[in-house]
Structures are given as C-alpha cells and as structure tokens.
Amino acid sequence: MQRKTIFHIDVNSAFLSWEAVYRIRHLNGTLDLRTIPSAVGGDMAKRHGIILAKSIPAKKYHIQTGEPIVDALRKCPELTLVPPHYELYEKSSKAFMQILNKYSDQVEQYSIDEAFMDMTGTQTLFGPPVVAATTIKDEIYHTLGFTVNAGISDKKLLAKMASDFKKPNLVHTLYTEEIQEKMWPLSIRDLFFVGSASEKKLKSIGIRTIGDLARTDPEVIKSILNKHGEVIWNFANGHDVSVVEPVPPDNKGYGNSTTIAFDVTDAPTAKMVLLSLSETIGRRLRKDHVRIESVSVSIRFYDLSCISHQCMLNAATDLTKEIYDASCRLFDEVWDGTPIRHLGIHTSKATKDGSSRQLSLFDKTNYEKLEKLDRAVDSIREKYGADSIKRASFLNQDKIDHLNGGISREKRKVDYQKEKVE
C-alpha cells in the first residue's frame, strides 16, 4: 500500500506579508514591513484595537496576536502599525490557493492563509516530497512575493506541526517515525489544540514537553482534561486518521457578532444592532439555501463579562424577521440594563432549504410574502451594492451599520491616501 504524503502550506505572517508585498509592488514602497517590528492592528477608536498579525522581528518583543495594541506599544514603542485590509487578504488567499491547485486536486483550505494537500502518488510528476514542496514554496514566492512554510508528513496533524517549525520560507518533514526526535522535545504549548488553560493544568502535574504528555498514562490525562485530554494525548503520539477534504462540510450553524464603538445602554439601540446582525445572517442562509431551527444571543458587557441565551424555533427558517424577532425575545429575557460592549447572534441546527413549514390556524403571518421580500432585497443588494437598499430605521444615523457582523467595513478597504507608505 502506498504511503500517504500530506503537505501543510502556511503563509508566513500572512496579513502582514500580504500588506508588505502590496505596498512594495503596487504602491512603490521601499520599506518592507516584514523586516522591521510591525503589525496589523484594528481601530482603537472603534474598540477593535488588537494585534491581528505581526512581523517576525516583532516577535522578539514578545508581541502576541490578539493582544491589545496599547500593550504591544508598551513592549515596543517603535512598532509600526498598519490597518487591516481584508479585500487584499481575500485576493491574496485566492491567488495562493490557485497555485496549490496546480499541484494537486486534493486541496483543503484550512483557513484564509493555510491549506492541506494530499500529494500521494505525485512523485513521478513533481519529484520527492521535499523537492515538490520546495518547488511550490518557491513558485509562491516568485509569483506572488510572499513566503510560506511547508510541512510534510504521512498524517495531517504532523504536517501542520512541521510547518510551524523554524520560519520563514522553509520546508520541514515530520513523519510518524520522526516524532520522538523532532516533536517530543517541544514545549507542551506547541502541540496543536493545547491552549493556556490546558498548559497550566498539565504543567501542574509535571508535564512540560509533548514527550512528557505522550509517555503519560492516557487515563491520567483524561482524568484532568476529560475528553480533550484523550484528544491531545493521541496527538502527542501522532495518532491521526483525518484525511484531506477538498470539499468543505456543510455549515452546522451561522452566526455574526460585532463590537460596538460605544457602550449601549438602551434596548432600542441594542435591538438595532440585533437587526443589523439578523440581516447579514439571513442573507447568508438564503445564499447557501439552508434554514436554521435554533437561535441564541450573546452579550458581552462593558466589564467583559458575558451571558448568552438560546431558544428553539417553531419551524426552520431563513427569514430575517423571524431571526430578529427571536433575538429580541431572547435579549429581553436576559438583559438587566448593564452597558453592552459586544452583541452576537448565533444559529444552529441548519438544514437544507426546502423543508415544509407546519402552519398554525392562529398564525396570520404571510411567510410567502416575507420570503419574496427577503429575496428581492438580496437581489438588489447583489446587483447594486450593499447600501443600495436599507431599512428606514437605519436612515439619518451613522452609529450602527445596517449590515453588521463578519468583517466590518473599515477593515475591508484601506484609504492609502491617508496612509504614509514609505
């Protein structure tokens, strides 16, 4: 039986790299952001002020992805910050994936900047795995201008671990027979799926490396971390039966959330935010031809404490109004007047469109009319732009976007006329 060959290709400092290449190639910049302490960060004025990506030189200052910008600047006052530019990231990701698909028809996009490739049986076409991975890595660099790391293994998990070894622009192998030499000496935190909480618990019983975990009785790990302990123990021993899935599985749920630029202290304003989230969720459901049966609302307060509440619907739906009405009921049941910083709507139990609705004698709602209205609005926005039609309640106010959630508008584009490009 032919041995599996799996690649994991990971863009080095993706958002930062894509921005650096764009400035050099398209804006005639001369400063390469990848060579200095730099980072991509959100807008602090809109409370999106966290580090989204950082350069390798910034790592020397212990700057972490996800930490507040103010903390990063405290560590490195000369840190160069650039705004997020998600339209650029989407285009760069698409070009990246197009190159990978030239080498295999079994490519699974794992995130916007990483993918797995099943390269089993391609040696006669592209040479041995290390040669093929180097060819792919070099083509990406010469064609698109940014670097990637490539991990090679006979298992998906191990290929991903290998791509995280020394960076940037390198190829590493981590076959099953190499895990004791290459993976076991690493810190327990370097293992996939081990977060800070798990790390703390494992270290409390003397487990500091992946090898320590692998050699520990799995029942001991399970007694501390429950099912998650069993999962990471298997990972530490290289046990992984997952396969590359070029066709992504259907979504089981759809959700959107947003951090609000100001503390919300009244129900009408909060419900406007919920309406804007319902608009985008409903549109996504209809686009994918699915309906959902469960809705939940999450609230993060000004002090960062959180609460959530959910309910089952009487019938599966993709209607914006039904999602909004359910969200408002849930909100009214749990909100106690505490100032709100962040709101989210999450749906679950998604089923393919076409399921029939059980009508009630006491329900006078014209569902057919609502469905036609939603689809007409979707069509207008698709043809003429997201702002071509909006609800009257969003007119004459600029505090709340009428289509909220996902990637906020200020993160999608950058006005380079206002940016100092060196």
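Here's what I pulled together on the structure shown here. (Residues numbered from 1 in each chain as written. Predicted model: local features only at pLDDT ≥ 70, side-chain atom pairs only at ≥ 80, totals over all residues. Heavy atoms only, no water.)

**Considerations on the sheet that holds strand S2 (residues 38-41)**
- Strand order in this open sheet of three strands is S3-S2-S4, and the pairing throughout is mixed. Since the sheet does not close on itself, it has two edges, and those belong to strand S3 (51-54) and strand S4 (80-82), each with one partner. Averaged over all pairs of adjacent strands, the angle between strand axes in this sheet comes to 30 degrees, irrespective of strand direction.
- Of the strand pairs in this sheet, S2 and S4 are connected by three bridges, and their pairing is parallel. (Pairing = 2+ DSSP bridges. Helix = DSSP H or I, 4+ residues; strand = E, 2+ residues; numbered from the N terminus. Axes fitted to C-alpha atoms, helices over the stretch in contact; angles between N-to-C directions.)

**Here's the deal with the pairing of strand S12 (residues 340-348)**
- Relative to S12, strand S9 (residues 253-264) is paired through eight bridges, and the arrangement is antiparallel. Bridging across to S12, Thr259 finds its partner in His342.
- Here strand S10 (residues 290-301) runs beside S12; their pairing, made up of eight bridges, is antiparallel. Each bridged residue has a counterpart across the sheet, and for Arg300 the counterpart in S12 is His342.

**Regarding the environment of Gly385**
- Tracing the sequence through the fold places Gly385 in the loop between helix H14 (367-384) and helix H15 (409-412).
- Taking the C-alpha atoms as reference points, Gly385 and Asp43, separated by 342 residues in sequence, lie 25 Å from one another.

**Considerations on the pattern of salt bridges**
- For the structure on display, the rule yields 31 salt bridges.
- Among the ionic pairs, Asp118 bridges to Lys4, the shortest N-O distance being 2.7 Å. Here Asp118 is found in strand S6 (residues 114-118), whereas its partner Lys4 is found in the segment before strand S1 (6-11), with 114 residues between them in sequence.
- With relative accessibility at 40%, the residue Lys4 sits in the partly exposed group.
- Residues Asp318 and Arg291 are paired through a salt bridge, measuring 4.0 Å at the closest nitrogen-oxygen approach. Of this pair, Asp318 sits in the loop between strand S11 (306-317) and helix H13 (320-334) while Arg291 sits in strand S10, and the two are 27 residues apart along the sequence. Of the two residues, Asp318 and Arg291, both sit in the buried class.
- Shared partners join several salt bridges into a network, and the residues in it are Arg291, Asp318, Glu371 and Arg375. (Salt bridge = Lys/Arg side-chain N within 4 Å of Asp/Glu carboxyl O. Buried < 20%, exposed > 50% of the residue type's maximum accessible area, 1.4 Å probe, protein only.)

**Remarks on the sheet that holds strand S5 (residues 107-111)**
- Spatially, five strands are ordered S5-S6-S1-S7-S8 in an open sheet, and the strand pairing comes out mixed. Pairing within the sheet leaves two strands with one partner each, and these edge strands are S5 and strand S8 (171-173). Direction aside, the axes of adjacent strands within the sheet are offset by 20 degrees on average.
- Of the strand pairs in this sheet, S1 and strand S7 (residues 148-153) are connected by six bridges, and their pairing is antiparallel. Its bridge partner lying in S7, Ile6 is registered against Ser153.
- Its contacts with the sheet place helix H7 (residues 156-163) against S1, S5, S6, S7 and S8, and it is angled at close to 145 degrees to S7. (Contact = heavy atoms within 4.5 Å.)

**Here's the deal with the nonpolar core**
- Formed by 37 residues in total, the largest nonpolar core has its most connected members in Leu100 and Ile140.
- Those elements that provide at least two residues to this core are S1, helix H1 (14-26), S3, helix H4 (86-103), S6, helix H6 (129-144) and S7.
- Ranked by residues supplied to this core, first place goes to H4 with eight residues.
- Residue contacts for Leu100: discarding those within four places in its chain leaves Ile9, Val107, Ala115, Met117, Ile136 and Ile140.
- In terms of nonpolar packing, the next biggest core, distinct from the first, is built from 30 residues, Leu277, Ala326, Phe331 and Ile345 among them. (Core = buried A, V, L, I, M, F, W, Y, C linked by side-chain atoms within 4.5 Å.)

**Here's the deal with the side chain of Arg381**
- Residue placement: Arg381 occurs in helix H14.
- Not counting the four nearest positions on each side in its chain, Arg381 is found in contact with Glu279, Arg283, Ala386, Ser388, Ile389, Lys390, His402 and Leu403.

**Looking at H14**
- In this model, H14 (18 residues) spans 26 Å end to end at C-alpha, consistent with the 26 Å of a helix rising 1.5 Å per residue.
- When H14 is considered as a whole, its buried residues turn out to be Tyr367, Leu370, Asp374, Val377, Asp378 and Arg381. Here the buried residues of H14 occupy an arc of 100 degrees about the axis, which is enough to place them on one side. Along H14, exposed side chains directed more than 90 degrees from the buried face belong to Glu368, Lys369, Lys372, Lys383 and Tyr384.
- For H14, the elements touching its buried residues are helix H12 (267-288) and H13.
- Positive backbone phi, approximately 110 degrees, marks Gly385, located one or two places after H14. (Expected span 1.5 Å × (residues − 1). Arc of directions from axis to C-beta.)

**Structural notes on unusual backbone geometry**
- A cis amide bond links Lys167 to the next residue, Pro168, at an omega of 0 degrees.
- By the element assignment, Pro168 lies in the loop between H7 and S8.
- Backbone geometry at Leu304 places phi at a positive 75 degrees, although glycine is not the residue there.
- Along the chain, the position of Leu304 falls in the loop between S10 and S11.
- We classify Leu304 as exposed; its relative accessible area is 53%.

**Observations regarding the packing of aromatic side chains**
- According to the stated counting rule, one finds 14 aromatic pairs in the structure shown.
- Here Phe193 and Phe235 contribute two aromatic rings whose centre-to-centre distance is 5.9 Å and whose plane-to-plane angle is 70 degrees, an arrangement assigned as edge-to-face. Of this pair, Phe193 sits in the loop between helix H8 (179-182) and helix H9 (196-204) while Phe235 sits in helix H11 (residues 218-236), and the two are 42 residues apart along the sequence.
- Pairwise contacts between aromatic rings join Phe15, Trp18, Tyr86, Tyr89, Phe96 and Phe146 into one cluster.
- Of note, Lys156 hangs over the ring of Phe116, and the distance from its end group to the ring centre comes to 4.7 Å.
- Just above the ring of Phe262 sits the side chain of Lys399; from NZ or CZ to the centre is 5.3 Å. (Phe/Tyr/Trp six-rings, centres within 6.5 Å; stacked < 30°, edge-to-face > 60°. Lys NZ or Arg CZ within 6 Å of the ring centre and 35° of its normal.)

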